[in-house]
Amino acid sequence: MKHFALFIVALLIAGCTGNGQKAKGDQSIDAADCEKIMDRNGKTVERSDTILKEILGEAGVETGKSVTLTIDYELQRLGKELIEGKQGAVVALEPSTGEVLCMVSSPTDNRCMMKPYTPGSVFKAAQALVLMSEGIITPETHYPCERGFRHDSLCIACHGHASPLTLTEALSQACNGYFCHGFLDMMNGGKYGTVQEAMKKWREDMCSFGFGDILGIDLPHESRGIIPKADYYDMVYDGQWDGQTILSIAIGQGEVMTTPLQLANLSAIIANRGHFHIPHVVKEIRGDTIDSKYISAQQTKVSRYACDAVILGMRLSATRGTCWTLSQLPFEACGITGTTISQGHDHSVFIGFAPVDDPKIAVAVYVENGGWGAKFGVPIGGLVMEKFLNGKLSEASGDFARQIRMQQIDF
Ligand SMILES: [Zn+2]
């Protein structure tokens, strides 16, 4: 089965021959001859279906094998409706397996895994995991944030909230000041000798989440994103730099880039309390199991203790913080928002998962030029979680979904 799933899906995307003929001497072509494609609930999906094409490309499929996808067709359709008239991506994963539940892009190119974005504040969840696992902070560590971080002429602004604040409060407020202080303590605090060594350790931890490299999904053209190296800063600043020089990466800006798929995977890591399964879209090929690499768990470098603390912050965010609208859902959700600034526009970003104690779905939403994270990211993420967990949307949520659909974003 090794590489079988990858092969078959790659062919689906690349386009099967279309005339039903096999290439001479190439036994593996048999594997690409798909007779039937089903979603995770056994629903047959037409080869010409636009929603399937969204994931698998423009290919047609020939006769032979049956393929079951991990996709929840109804969830995929809802995601597509919600992001219509906007640019961005919605990705949902099943944390316990890494199965992709939906993967929606608008326009139709696969922005979920092919387009690296500036992650913004949702990256603070990863930052918190690293800082705690490295022993730089504990959940009780307080830092000030007087409408932002200020040092000499440097100012990274934040919105108004109580100060000083704990990690839980900082996550619930998506606070800039807190994470600037924490990151500086790691880079400049002397624990690693030099800032270069501190940066190497930071990068190693970040890369254990699947950032800065492909995750290995069974689809081609996945982007790596960027987690910068100390060498890069040595080159740019001629060896004369410290934590303050690169402070923007503390809050998920600057050189850091991640795909929506990587952000959904971060959410799954937190939901799983420290591990993940490589995301994949093929569940089964006519009774065969999938490649073992998609079954075994990938352990990150963060502890369960650190994940539990981040979960407290993401839960507070969903009850009283920047994701408070999630408190209206009939299950206990966790989330963190981001508003990222890129070329003068604010992008609306969200990651979350639910239910908190037995996570079934982890989501990432990225709406380009969508404004505050709470404007599009949180509502779309909440609707996707509700649809998956309850099988349907409540009447009020249905109305809300229609409102979201009506809101087009001009570019
Ligand atoms: Zn703040």
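Fair warning: this is a prediction, and the values are worked out from it, not measured in the lab.

1. Some points on the overall build of the protein chain
Here is step 1: Across its full length, the protein chain carries 14 helices and twelve strands.
Here is step 2: Counting the 411 residues in the protein chain, one finds 51% classified as buried.
Here is step 3: For the protein chain, restricting intrachain contacts to residue pairs at least 6 apart in sequence, the fraction spanning at least 24 positions comes to 71%.

2. With respect to helix α8 (residues 176–188)
Residue pairs spaced three or four apart in an α-helix point in one direction, given the helix's 3.6 residues per turn.
Here is step 1: The terminal C-alpha atoms of α8, which comprises 13 residues, lie 18 Å apart, in line with the 18 Å expected from a rise of 1.5 Å per residue.
Here is step 2: The element α8 is extensively covered by neighbouring structure, given that ten of its 13 residues are classed as buried.
Here is step 3: Where α8 is concerned, the buried positions are Asn176, Gly177, Tyr178, Phe179, Cys180, His181, Gly182, Phe183, Met186 and Met187.
Here is step 4: Those residues of α8 hidden inside the fold are in contact with α6 (123–133), β5 (148–151), β6 (154–157), α7 (167–172) and α9 (195–207).
Here is step 5: Backbone geometry just after α8 places Gly190 at a positive phi near 90°.

3. Notes on unusual backbone geometry
Here is step 1: The residue after Ser106, namely Pro107, is reached through a cis peptide bond having omega -10°.
Here is step 2: Relative to the helices and strands, Pro107 is located in the loop between β4 (99–106) and α5 (111–114).
Here is step 3: The omega angle of the peptide bond from Ala354 to Pro355 is -15°, so this bond is cis rather than trans.
Here is step 4: With respect to the helices, strands and loops of the structure, Pro355 is situated in the loop between β11 (345–354) and β12 (361–367).
Here is step 5: The phi dihedral of Arg147 is positive, around 55°, even though this residue is not glycine.
Here is step 6: As for its placement among the helices and strands, Arg147 is situated in the loop between α6 and β5.
Here is step 7: At Asp238, a position not held by glycine, the phi torsion is positive, near 55°.
Here is step 8: Here Asp238 is to be found in the loop between α10 (230–236) and α11 (260–271).
Here is step 9: A residue is classified by how many C-beta atoms lie within 10 Å of it, and Asp238, with 8 of them, is exposed.

4. A few points about the packing of α6 against α8
Here is step 1: Where α6 meets α8, the axes come as close as 11 Å, and the angle between the chain directions of the two elements is 40°. Comparing the axis directions of α6 and α8 gives the class oblique. Regarding α6 and α8, the two cross each other, and that crossing is left-handed. Contacts between α6 and α8 involve Lys124, Gln127 and Leu131 from the first element and Phe179, Gly182, Phe183 and Met186 from the second.
Here is step 2: Among the residues forming the contact of α6 with α8, the class breakdown is four nonpolar, two polar and one charged.

5. Considerations on the pairing of β5
Here is step 1: Where β5 and β6 come together, four bridges link them in antiparallel fashion. Following the sheet pairing, Phe149 is matched in β6 by Ile156.
Here is step 2: Once β5 ends, the chain turns through two residues before running back antiparallel as β6, passing Asp152 with a positive phi of about 50°.

6. Examining helix α13 (residues 377–390)
Here is step 1: Compared with an ideal rise of 1.5 Å per residue, which puts 14 residues at 20 Å, α13 spans 20 Å between its outermost C-alpha atoms and is within 8% of the ideal.
Here is step 2: In terms of residue burial, α13 counts as a mostly covered element, since twelve of its 14 residues are buried.
Here is step 3: Regarding α13, the residues found buried are Gly377, Val378, Pro379, Ile380, Gly381, Gly382, Leu383, Val384, Met385, Glu386, Lys387 and Phe388.
Here is step 4: Of the residues trailing α13, Gly391 is marked for its positive phi of about 80°.

7. Observations regarding the confidence of the model for the protein chain
Here is step 1: When pLDDT is averaged along the protein chain, the result is 86, and 86% of the positions lie at 70 or above.
Here is step 2: Every residue in residues 58–63 scores below 50 in pLDDT, and together they form 22 contacts with partners more than four places removed in sequence or on other chains.

8. Digging into the packing of helix α4 (residues 73–83) against α13
Here is step 1: Where α4 contacts α13, the two axes come as close as 10 Å, and the packing angle between them is 160°. Taken together, the axis directions place α4 and α13 in an arrangement best described as roughly antiparallel. Pair α4 / α13 crosses with right-handed handedness. Residues Leu75, Leu78, Gly79, Leu82 and Ile83 of α4 form the contact with α13, whose own contacting residues are Ile380, Leu383, Val384, Lys387 and Phe388.
Here is step 2: Its residues placed into classes, the contact of α4 with α13 shows eight nonpolar, one polar and one charged.

Thresholds, definitions, all that
Residues numbered from 1 in each chain as written. Predicted model: local features only at pLDDT ≥ 70, side-chain atom pairs only at ≥ 80, totals over all residues. Helix = DSSP H or I, 4+ residues; strand = E, 2+ residues; numbered from the N terminus. Buried ≥ 20, exposed ≤ 12 C-beta atoms within 10 Å, placed from the backbone. Contact = placed C-beta atoms within 7 Å. Expected span 1.5 Å × (residues − 1). Axes fitted to C-alpha atoms, helices over the stretch in contact; angles between N-to-C directions. Parallel < 35°, antiparallel > 145°, perpendicular 65-115°, else oblique. Left-handed = near helix turned anticlockwise from the far one by under 90°. Nonpolar A, V, L, I, M, F, W, Y, C, P; charged D, E, K, R; others polar. Pairing = 2+ DSSP bridges. pLDDT = per-residue confidence, 0-100.

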